[in-house]
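The residues making up each chain are set out below.
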Amino acid sequence: MARGIDLTMDCSDAGRLGEFWKLALGYEDEPPPAPFATRNEWVKHFDPSDSAEGGAWLRDPAGVGPRLVFLEVPEPKTAKNRLHIDVRVAGTGGPEERWARVVEEVERLTAAGGAALHEFPGHHVVMADPEGNEFCVC
């Protein structure tokens, strides 16, 4: 049986992280499951006192990548994440061309609120999203 995976991350601002990762990966908001008209209606189905306002659900429009879910929690991030996302920049060409595309993507994601943490020239850059979750651009 084929299985898919979701990656769920705790955060303090699900809307901001959802927007960042939609830009980074070309993802889109995932609509609520049928028969629910809104994500909030779906969440309240399980717990009438809860709200979807503290969450973001994203999907790959091509249906290939995993779904990403961001859920707001009260406690802050306290340590390095043990799982991280690698953003693989598409394209072909020689090493200089590939590295130029990595650098261009790092600049784009930095402008969107990410931060470059450490560069491994010619191969990858370790970055952090707006809440400090590490990921790599390679």
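Residues numbered from 1 in each chain as written. Predicted model: local features only at pLDDT ≥ 70, side-chain atom pairs only at ≥ 80, totals over all residues. Heavy atoms only, no water.

Next up on the list: the overall build of the protein. The helix and strand tally for the protein stands at 3 helices and 8 strands. When the helices and strands of the protein are listed from N to C terminus, the series reads β-α-β-α-β-β-β-α-β-β-β. Dimensions of the protein, computed from the C-alpha atoms along their principal axes, are close to 55 × 35 × 30 Å. For the protein, with 138 residues in total, the buried portion stands at 31%. Within the protein, contacts between residues at least 6 apart in sequence are counted, and of these 55% link residues at least 24 apart. If you sum the accessible surface of the protein, you get close to 8,700 Å²; carbon and sulfur atoms cover 55% of it. Separation between the mean location of the 14 positive side-chain charges and that of the 24 negative ones in the protein comes to 5 Å. (Helix = DSSP H or I, 4+ residues; strand = E, 2+ residues; numbered from the N terminus. Buried < 20%, exposed > 50% of the residue type's maximum accessible area, 1.4 Å probe, protein only. Contact = heavy atoms within 4.5 Å. Areas by Shrake-Rupley, 256 points an atom, 1.4 Å probe, with all protein chains shown as cover. Lys, Arg positive; Asp, Glu negative; His and termini not counted. Charge placed at Lys NZ, Arg CZ, Asp CG, Glu CD.)

Looking now at the environment of A100. With respect to the secondary-structure elements, A100 resides in helix α3 (residues 95–111). Judged by its relative accessible area of 43%, A100 is partly exposed. Remark: the alpha-carbon pair of A100 and R16, spanning 84 residues in sequence, is separated by 27 Å.

A few words now on the sheet that holds strand β4 (residues 67–72). Pairing between the strands of a sheet comes from backbone hydrogen bonds, and it takes one of two forms, parallel or antiparallel. Taken in spatial order, the 4 strands make up an open sheet running β1-β4-β3-β2, and their pairing is mixed. The strands lining the two open edges of the sheet, one partner per strand, are β1 (6–11) and β2 (28–29). Examined bridge by bridge, β2 and strand β3 (residues 55–59) share 2 bridges and lie antiparallel to one another. The residue of β3 that forms the bridge with D29 is L58. Helix-sheet contacts for helix α1 (residues 14–25) involve β1, β2, β3 and β4, and the interaxial angle to β4 is about 160 degrees. (Pairing = 2+ DSSP bridges. Axes fitted to C-alpha atoms, helices over the stretch in contact; angles between N-to-C directions.)

Right, let's talk about the side chain of N81 for a bit. One can find N81 in the loop between β4 and β5 (85–87). Within the local environment of N81, its side chain forms a polar contact with the backbone oxygen of L83, the two atoms lying 2.7 Å apart. (Polar contact = N/O pair within 3.5 Å; in protein donor to acceptor, adjacent residues only side chain to side chain.)

Let's shift gears to the nonpolar core. Residues W21, L68, F70, L109, M127, F135 and V137 are the most contacted members of the largest nonpolar core, which totals 22 residues. Only β1, α1, β3, β4, β5, α3, β7 (124–128) and β8 (134–137) provide two or more residues apiece to this core. Broken down by element, this core gets its largest block of residues, 5 residues, from α1. Once residues within four sequence positions are removed from consideration, M127 is found in contact with V106, L109, T110, G114, A115, A116, L117, N133, E134, F135 and V137. (Core = buried A, V, L, I, M, F, W, Y, C linked by side-chain atoms within 4.5 Å.)

Moving on to α1. With 12 residues, α1 extends 16 Å from end C-alpha to end C-alpha; this agrees with the ideal 16 Å at 1.5 Å per step. Positioned one or two residues after α1, G26 has a phi angle of 75 degrees, which is positive. (Expected span 1.5 Å × (residues − 1).)

Right, let's get into the state of the cysteines. Taken as a whole and judged by the stated rule, the model has 0 disulfides. Take C138: it sits in no disulfide, and the sulfur closest to it among the cysteines is that of C136, at 6.4 Å. The class for C138 is partly exposed, based on a relative accessible area of 25%. (Disulfide = S-S within 2.5 Å.)

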